[in-house]
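# Fold and geometry: a report
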Amino acid sequence: MATTTRGPVTMRLCFFSAAALFLLCFLVPAAVAEERFYEFVVQETLVKRLCNTQKIITVNGQFPGPTIEVYDGDTVAIRAVNMARYNVTLHWHGLRQLRNGWADGPEFVTQCPIRPGGSYTYRFAIQGQEGTLWWHAHSSWLRATVHGALLIRPRPGVPYPFPKPHSEFPIILAEWWRRDPIAVLRQSMITGAPPNVSDAILINGQPGDFLECSAQVPDLVKPTKATFGLEKSIPTVVYSIGRRDERCIVLFRCLQRDKMKRQRFSRLLTMHAVAVTETSIIPVAAGETTLLRIINAAMNTELFVSLAGHKMTVVAADAMYTKPFETTVVLLGPGQTTDVLVTAHAAPGRYYLAARAYASAQGVPFDNTTATAIFQYKGGAGCPTTAGGAGAAGAVAGAGVGAGAAGGAGAVAGAGAGTFNGSLGRSKYSGGNPGRAGPAPMLPYLPAYNDTNTATAFSNSIRSPAPVKVPGPVTQEVFTTVGFGLFNCMPGPFCQGPNNTRFGASMNNVSFQLPNTVSLLQAHYHHIPGVFTDDFPPMPPVFFDFTSQNVPRALWQPVKGTKLYRVRYGAVVQIVFQDTGIFAAEEHPMHIHGYHFYVLATGFGNYDPVRDAHKFNLVDPPSRNTIGVPVGGWAIVRFVADNPGVWLVHCHIDAHLTGGLGMALLVEDGEAELEATMAPPLDLPLCAL
C-alpha cells in the first residue's frame, strides 16, 4: 500500500491555500457588490437663469442634482434630509424595488411625505438591472428642480454588449419656469385651468444660446480694454448687473461702458465665485466614441433631441439594452431614458446638441423654446485648449449649479449659421455674439413640433437585442382609456377651464385621488379600512369612438375616486392603454412603478383585438418602464406580476397626473416568504393624524 506523507512545504501550501480561500470568501463578494451611502439634503438654493435670480429647491445645492453611480448587485442607502419649506419624497425611476415598495417614493402611494425638518433613509438593492435611470422628487411639482441621474454599471468584469466608449456623459433634459413651479401648480389648482407652460427647455440645467441672457449682449454694450486681471481665472463669463442693458461678457476683456460700472462688476465677481454661464459643454476627442445617457426629466414636455453633424446609435432605452440602430433624432417622453453612442468623426469644431418639444396635442399651448449644448472637439478651431475649457464639462456631469462655469470658456456660445427646421425661440438679444472666438457651432436638423411620423418611426425602431420569451397566456387584462376630462362647475374665479369648467384627467373615467392621511401601501399592509377601494374597472364604463374629435359632452366628466386594481401574484397581466379625443388627443408617456414590461404593439385609432392582432411583436418586443401611448392611438404592454405591493400607474406628464391621470395596482403576496411585501422600515415618515 502506498503511503503519503505531508512535509513542511506541503503543509505550508495547504495552510496558505486554506487561508487564501478563507480570505477570498470575504473579498470576492466585496469586489462584486458594495454598500453605497449618500446623503441628500433638500434645500433652497439661489440660482440665476433667463436674466432672473430666484430660489429653487435642490438636493445638496446642485441643479441638476447629484449623479448616483452604482453597479448591478450593489445595495444603496440614501438619507434624505428635508431642509426645504415643502413636503418631499424621492422616487428612483425604473428601479424594480422587489418586495420593497417602501423605498419607491411616490407621495401617499408608498409613503407619507418627509416633512420640513424630517428625514428618511431609502434602502434598496440593485438586482439584475444596468443602464441609465434617474431619480426625482415625487411630491407636488418638486421634481422640476429636484432630479438627477442614476447610472447602473454592469457588475465588475461584465462588459457592455457594445464596444466600450471612451467617455460617458449624462444629458438631463428639463423645463424651467421664471416662477416657483409650486406656485404655478397652485394657481392651476385654484383656478381649475391647465398650468402655465414653462419658459425654457434646459440641457443639464442650462437653456443654451437662444434665450434671453443665455449668451448674448445688447448692441449698446461696447468692449473696453479693461481686464481686471481676470484672464487666468475666468476666461469666459456671462454675468448680469442690475438692469437688462448692463450685462457684460468677459472674454479676456470686460465689456462695460464706464469706470463705475467696471468697478461694480469687479465687486460682483469677487462676491460670486461661481460665474454664470448658460450653455453646457460636452468635450470630445476626434475619433473617440462617447456614450450619451439622455434623460427626459421635463415636467410636461416630450422632446426631440438631435446632434449636428453626427449620427447617434441607440443602444439602450429605460435601462434595457436594445438592438442597435442609427438615427439623427431621438424622441423621449418625460420619464424615459435613451443611451446613444456618438463617434467624433466630423471635422474638429463645435456642434450643437439641441432639444425642443414634440407637441402632439392640437391647439394646446406648449414651450416652443429650443435648448442647446455644445459638442466640442478638443483642440478644434475656435475650441478652448486651456484647462478652463474642459472645466465646463462639470455641469454636464450634474456637478451642480453653475459647476464648471468658472473655468469654462467654451460654456458661452452664440447663434450661428446652419439648417434648423422651425423657430429657434430666439429673444431680441439672440443675435451674433461679438466676442465669440472661432466659428459658430453648427445647428442640427430638428423635426417640426407636431411631427408625429418621426416620433412614431423612432419609437417603432426600438427592439430587444435578441428574441425574448414573452409571458403568456394572459390571465388578467385591463383595457383602460387615458385622457382628459372637464368637471362642470359654476362660472367664476375657480372655474377657468374651457367653457367655465375645471380641468381634469382620468383612466376609465376615474380621476385618481390620492389619500392625505396615510399611504396606500400602509393602508394595504396594515389593513386600514376606508382609504381606498379595489374596484378599478378593468374596462371602460362606456365604449364609444374613443379617438373621435367630436366625443359627446356627456362623456367628458369623469368621476373622482381612489380605486386600485387587484392583481394575483404571478398573474400574466396585459394592459391596453387607449388614448381619447376628449378635449384633445395627446401622446401620454405611461409609467408603471415596480415593473418593466414588454411593449407588444402600438397603433392609431381605436384598438380592435381582432383587427390589430397581427401587429403584436412576440419575438423581440422592447422592455420599458415608460411607454408613449400614441396621440389618438393605443399601446399594449404585458408583464408577470412578481412584485407584491401597491404600484402607481400614471402619465408622466405631471400636469396630467395632477388632473387625475393615474391609478394603482395592488399586487397580492404570493405563498412563499420571498413572495411577500417586506415589513416597513422603522424610520418610515409618520403620517398626519
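For the structure given in this document, a descriptive report is provided here. Predicted model, so just to flag it, every value in this text is computed and none were measured.

### Details of the overall build of the protein chain
- Scanning the protein chain for helices and strands turns up eight helices and 34 strands.
- Buried residues in the protein chain amount to 60% of all 689 residues.
- In the protein chain, 80% of the contacts between residues at least 6 apart in sequence involve partners at least 24 apart.
- Total accessible area on the protein chain is roughly 27400 Å²; 58% of this is exposed by carbon and sulfur atoms.

### Points about the packing of aromatic side chains
- Summed over the entire model, instances satisfying the criterion amount to 28 aromatic pairs.
- Centre to centre, the rings of Phe 40 and Trp 135 are 4.8 Å apart; their planes meet at 50°, and the pair counts as tilted. Remark: Trp 135 occurs in strand 7 (residues 131–137) and Phe 40 occurs in strand 1 (residues 35–49); sequence separation between them is 95 residues.
- Phe 40 gets classed as buried once you look at its relative accessible area, which sits at 1%.

### Re the pattern of salt bridges
- The final tally for this structure, using the stated rule, is 23 salt bridges.
- Ionic pairing is found between Arg 85 and Asp 180, a salt bridge with its closest N-O pair at 3.1 Å. Placement of the pair is Arg 85 in the loop between strand 4 (75–82) and strand 5 (90–93) and Asp 180 in the loop between strand 9 (167–176) and helix 2 (181–191), with a sequence separation of 95 residues.
- You can call Asp 180 partly exposed: its relative accessible area is 22%.
- Of the charged contacts, one joins Arg 293 and Asp 339 as a salt bridge, the two residues approaching to 3.7 Å between their closest N and O atoms. Here the residue Arg 293 occupies a position in strand 14 (residues 289–296), and Asp 339 occupies one in strand 19 (residues 337–343), the gap between them amounting to 46 residues. Of the two residues, Arg 293 and Asp 339, both sit in the buried class.
- One continuous salt-bridge network, built from bridges that share partners, spans Glu 69, Arg 153, Glu 168, Arg 293 and Asp 339.

### Overview of the environment of His 166
- Within the secondary structure, His 166 sits in the loop between strand 8 (147–153) and strand 9.
- According to the relative accessible area criterion, His 166 is exposed, its value standing at 52%.
- Separated by 119 residues in sequence, His 166 and Ala 285 place their C-alpha atoms 9.1 Å apart.
- Contact partners of His 166, with chain neighbours within four places excluded, come to Glu 288 and Thr 289.

Rules behind the numbers
- Residues numbered from 1 in each chain as written.
- Predicted model: local features only at pLDDT ≥ 70, side-chain atom pairs only at ≥ 80, totals over all residues.
- Heavy atoms only, no water.
- Helix = DSSP H or I, 4+ residues; strand = E, 2+ residues; numbered from the N terminus.
- Buried < 20%, exposed > 50% of the residue type's maximum accessible area, 1.4 Å probe, protein only.
- Contact = heavy atoms within 4.5 Å.
- Areas by Shrake-Rupley, 256 points an atom, 1.4 Å probe, with all protein chains shown as cover.
- Phe/Tyr/Trp six-rings, centres within 6.5 Å; stacked < 30°, edge-to-face > 60°.
- Salt bridge = Lys/Arg side-chain N within 4 Å of Asp/Glu carboxyl O.

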